[in-house]
Amino acid sequence: RSGWDLRDAKLRSIKCMPRWVAFLGAFLLTLVVWAQDVPPQFSVELKASTVAPGQTVEGVATVKFADGLHAYQNPQTDETIIPIELLGDGFELSQVSYPKGVEDIVGGLPDKYFVHSGTISIPFKFAAPAKVSPDGIKFIFAYQQCNEVTCFAPGQVETKADLTVEGAPVAP
């Protein structure tokens, strides 16, 4: 009689095994997805579409970080931390107004750091270059993203904005 009970228990455990395998697979998949370095969404809007060479152009960069990811404020209080940075490709940005991050304890580190998550806006200005590609002017957003467990390799995303440069140069 006890032999049959043991055999019944084995049969029940074999029948339940697919459920446990599916649960374990779903759990592991969640961990893998959660730990991925999803690049932030990045766009730039300029306040003017046609300018003269050297004319000051104002714009706003919008960056959206994926859920569970954050990047570090610029400037950062610790020189070992890689902050966000907005760059022009082939031209210098001026008056970049990085937003203040939220103070947070990150990944068990002993100090608090200022971080960005969600969506941020970065106002900026630049002097229009003499020439612009027909497909637009390129901007670069450099960052290092982290989650609560790990930091990922530094990365960058690019976007272009429509800008026509024509006419006589404007004195600085």
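Residues numbered from 1 in each chain as written. Predicted model: local features only at pLDDT ≥ 70, side-chain atom pairs only at ≥ 80, totals over all residues. Heavy atoms only, no water.

1. What to know about the state of the cysteines
Heads up, the condition is: The disulfide definition used here is simple: a pair of cysteine sulfur atoms within 2.5 Å. Type-normalised accessible area, obtained with a 1.4 Å probe on protein chains alone, sets the label of each residue: buried when under 20%, exposed when over 50%, and partly exposed for intermediate values.
One pass over the structure, following the stated rule, counts one disulfide. At a sulfur-sulfur separation of 2.0 Å, the disulfide partner of cysteine 146 is cysteine 151. Residues cysteine 146 and cysteine 151 share a disulfide whose torsion about the S-S bond is about 100°; that sign makes it right-handed. Taking relative accessible area as the criterion, cysteine 146 reaches 0% and is therefore assigned buried. According to the relative accessible area criterion, cysteine 151 is partly exposed, its value standing at 40%.

2. Focus: the sheet that holds strand β9 (residues 119-127)
For clarity, the cut-off: Here, a strand pair is defined by DSSP locating no fewer than two bridges between the strands. Secondary structure elements are taken from DSSP: a helix is a run of H or I of four residues or more, a strand is a run of E of two residues or more, and numbering for both begins at the N terminus.
Here we have four strands laid out as an open sheet, ordered β1-β3-β9-β6, and antiparallel in their pairing. In the strand order of this sheet, the two ends are held by β1 (41-46) and β6 (93-94), each with one partner. Pairing of β1 with strand β3 (residues 56-64) involves six bridges; the strand directions are antiparallel. Within β3, the position partnered with phenylalanine 42 by the bridge is valine 63.

3. Let's talk about unusual backbone geometry
Note that the residue after asparagine 74, namely proline 75, is joined by a cis bond; omega there is 0°. Relative to the helices and strands, proline 75 is located in the loop between β4 (70-72) and β5 (85-88). Located in the positive-phi region is glutamine 95, a residue other than glycine, with phi close to 50°. Within the element layout of this structure, glutamine 95 appears in the loop between β6 and β7 (102-105).

4. What to know about the confidence of the model for the protein
Going by this rule: Scored from 0 to 100, pLDDT reflects the predictor's confidence in each residue. In what follows, residue pairs with any heavy atoms lying within 4.5 Å of each other are defined as contacts.
On average, the protein scores 84 in pLDDT, and the residues at 70 or more come to 77%. Low pLDDT, under 50, characterises residues 20-34; the predicted model gives this stretch two contacts beyond four residues in sequence or across chains.

5. Quick notes on the environment of phenylalanine 141
Checked against the element boundaries, phenylalanine 141 lands in strand β10 (residues 137-143). For the pair phenylalanine 141 and glycine 88, spaced 53 residues apart in sequence, the C-alpha to C-alpha distance is 8.9 Å. When sequence neighbours within four positions are dropped, the list of residues in contact with phenylalanine 141 reads Pro40, Phe42, Val63, Phe65, Ile84, Glu85, Ile122, Gly155, Gln156 and Val157.

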